[in-house]
Amino acid sequence: MKKRKKTTNKNRGLITILNPKSPISEQYRTVRTNIQFSAVDDSVHTLIVTSTGPGEGKSTTVANLAVVMAQQGKKVLLIDSDMRKPTVHYTFQLPNTIGLTNVLTKQISFVDAIRETEILDLFVLTSGPIPPNPAELLASKSMADLIEMAKEQFDLILFDAPPILAVTDAQILANLCDASLFVLSSGKTDREEAMKAVEMLKAAKGKLLGTVLNGRKEVKSSYYYYYGHN
Ligand SMILES: Nc1ncnc2c1ncn2[C@@H]1O[C@H](COP(=O)(O)OP(=O)(O)OP(=O)(O)O)[C@@H](O)[C@H]1O
Ligand SMILES: [Mg+2]
């Protein structure tokens, strides 16, 4: 039988932890700087990372971004709000029996569901068990309450999300967050679809900060590449 290519790879080491001096890690720090510069007027407290379709590098981008933000001394919470294909627990090698879905359904408190990571100042809330109604949970009052609580305790809250064209989840989150970041996969993302996705993000309440181009072949050692959107 032909093997399907899996994007839920359980071996998901983060380059910003494994090799912080590499040019790729440097590019994540460039993305960090650009986020900070594009948000001069109102600082970004909540940020969602999404893309057009599956497997374009959302989870990789948001997890590395969480690491470099925490390395700068910010108290960061990474929330796995991809309740359809969650991967944050694999990345940080944590159990996923308790997480976001349990908090939203009031089985556990927000504080008790948060996990420490090996990185100082970086905390995660894994997805928890996959629910039958992710969009409904994300649009609930519990989710809005959770975000307010998180804002009181963290400098930055990052959301890993599903693709924006596939389901409504990312759009719901973009309306709850201050800002969004769009990941494009070099040579993979369809132009028309990307434009559709960008329009959807622009229409959301959160400001579209920019785009991260993932998987670009090395050009003068810049593997990841960032440009603004305005
Ligand atoms: N620039 C890259 N170079 C090599 N491998 C990469 C790169 N970016 C991502 N990957 C790998 O590709 C796979 C998909 O990436 P990732 O899980 O970050 O995408 P995603 O957009 O979150 O996917 P999904 O839509 O399934 O949530 C993972 O195994 C990841 O390790
Ligand atoms: Mg993902």
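Residues numbered from 1 in each chain as written. Chains lettered and ligands numbered in written order. Predicted model: local features only at pLDDT ≥ 70, side-chain atom pairs only at ≥ 80, totals over all residues. Heavy atoms only, no water.

Visitor: Outline the overall build of the protein chain, supporting the account with residue identities and numerical values.
Guide: Scanning the protein chain for helices and strands turns up 10 helices and eight strands. Going through the 230 residues of the protein chain one by one, you find that 52% of them count as buried. When the accessible area of the protein chain is evaluated, it comes to approximately 11,500 Å², of which 51% is carbon and sulfur surface. (Helix = DSSP H or I, 4+ residues; strand = E, 2+ residues; numbered from the N terminus. Buried < 20%, exposed > 50% of the residue type's maximum accessible area, 1.4 Å probe, protein only. Areas by Shrake-Rupley, 256 points an atom, 1.4 Å probe, with all protein chains shown as cover.)

Visitor: Any chance you could break down the pattern of salt bridges for me, citing the residues and the numbers?
Guide: Proximity of charged atoms lets side chains of opposite charge pair with each other. Throughout the structure, instances matching the rule amount to four salt bridges. The residue Glu26 makes a salt bridge to Arg29 at a minimum N-O spacing of 2.8 Å. Remark: Arg29 and Glu26 occur in helix α2 (residues 23-38); sequence separation between them is three residues, near one turn of the helix. A salt bridge links Asp145 to Lys141; its shortest N-O distance comes to 3.0 Å. A residue pair is termed a helical-turn pair when its members lie 3 or 4 positions apart in one helix, as Asp145 and Lys141 do in helix α8 (residues 141-153) at four residues. (Salt bridge = Lys/Arg side-chain N within 4 Å of Asp/Glu carboxyl O.)

Visitor: So what about the pairing of strand β6 (residues 179-185)? Which residues, and what values?
Guide: Counting buried residues along β6, seven of its seven residues qualify, which places the element largely inside the surrounding structure. Neither face of β6 is left uncovered, since the one carrying Ala179, Leu181, Val183 and Ser185 and the one carrying Ser180, Phe182 and Leu184 both have all their residues buried. Of the strand pairs in this sheet, strand β1 (residues 46-51) and β6 are connected by five bridges, and their pairing is parallel. Within the sheet, the bridge partner assigned to Ser51 lies in β6 and is Val183. Relative to strand β7 (residues 207-214), β6 is paired through seven bridges, and the arrangement is parallel. Residue pairing for β7: Ser180 is matched across the bridge by Leu208. (Pairing = 2+ DSSP bridges.)

Visitor: Go over the packing of aromatic side chains, please, and point to the residues and values.
Guide: Across all of its chains, the model carries one aromatic pair by this definition. A cation over a ring is seen here: Lys75 above Phe123, with NZ or CZ 5.6 Å from the ring centre. Cation over ring: Lys75 sits above Phe154, and NZ or CZ is 4.9 Å from the ring centre. (Phe/Tyr/Trp six-rings, centres within 6.5 Å; stacked < 30°, edge-to-face > 60°. Lys NZ or Arg CZ within 6 Å of the ring centre and 35° of its normal.)

Visitor: Just give me the short version of the side chain of Thr61, but keep the residues and values in it.
Guide: Counting through the fold element by element, Thr61 comes out in helix α3 (residues 58-71). Here Thr61 falls in the buried class, since its relative accessible area comes to 1%. Dropping the residues within four chain positions of it, Thr61 is found in contact with Tyr28, Val49, Val183 and Val212. (Contact = heavy atoms within 4.5 Å.)

Visitor: Which residues make up the pairing of β1, and what values go with them?
Guide: The element β1 is extensively covered by neighbouring structure, given that six of its six residues are classed as buried. Neither face of β1 is exposed, since Thr46, Ile48 and Thr50 on one face and Leu47, Val49 and Ser51 on the opposite face are all buried.

Visitor: Pulling in residues and values, what's your account of the confidence of the model for the protein chain?
Guide: Within the protein chain, residue pLDDT values average 91, and 88% of them lie at 70 or more. Long-range and interchain partners of residues 225-230, a stretch whose pLDDT sits below 50, account for 23 contacts in this model, where long-range means more than four residues apart. (pLDDT = per-residue confidence, 0-100.)

Visitor: Can you break down the nonpolar core residue by residue, with the values?
Guide: Residues Leu77, Phe110, Leu125 and Phe159 are the most contacted members of the largest nonpolar core, which totals 37 residues. Not counting the four nearest positions on each side in its chain, Leu77 is found in contact with Phe110, Ile114, Phe123, Val124, Leu125, Ala150, Phe154, Leu156, Ile157 and Leu158. By size, the runner-up hydrophobic cluster in this structure holds 32 residues, among which are Leu65, Ala70, Val76 and Val183. (Core = buried A, V, L, I, M, F, W, Y, C linked by side-chain atoms within 4.5 Å.)

Visitor: Give me the lowdown on the environment of Asn64, citing residues and values where you can.
Guide: Within the secondary structure, Asn64 is located in helix α3. Distance from Asn64 to Ser25, taken between C-alpha atoms, is 8.0 Å for residues 39 residues apart in sequence. Filtering out sequence-adjacent residues up to four positions away, Asn64 remains in contact with Leu14, Ile15, Thr16 and Tyr28.

Visitor: Can you lay out α2 for me, pointing to particular residues and giving the numbers?
Guide: Between the first and last C-alpha of α2 there are 22 Å, a value that for 16 residues agrees with the 22 Å anticipated at 1.5 Å per step. Along α2, the positions that sit buried rather than exposed are Ile24, Ser25, Gln27, Tyr28, Arg29, Val31, Arg32 and Ile35. (Expected span 1.5 Å × (residues − 1).)

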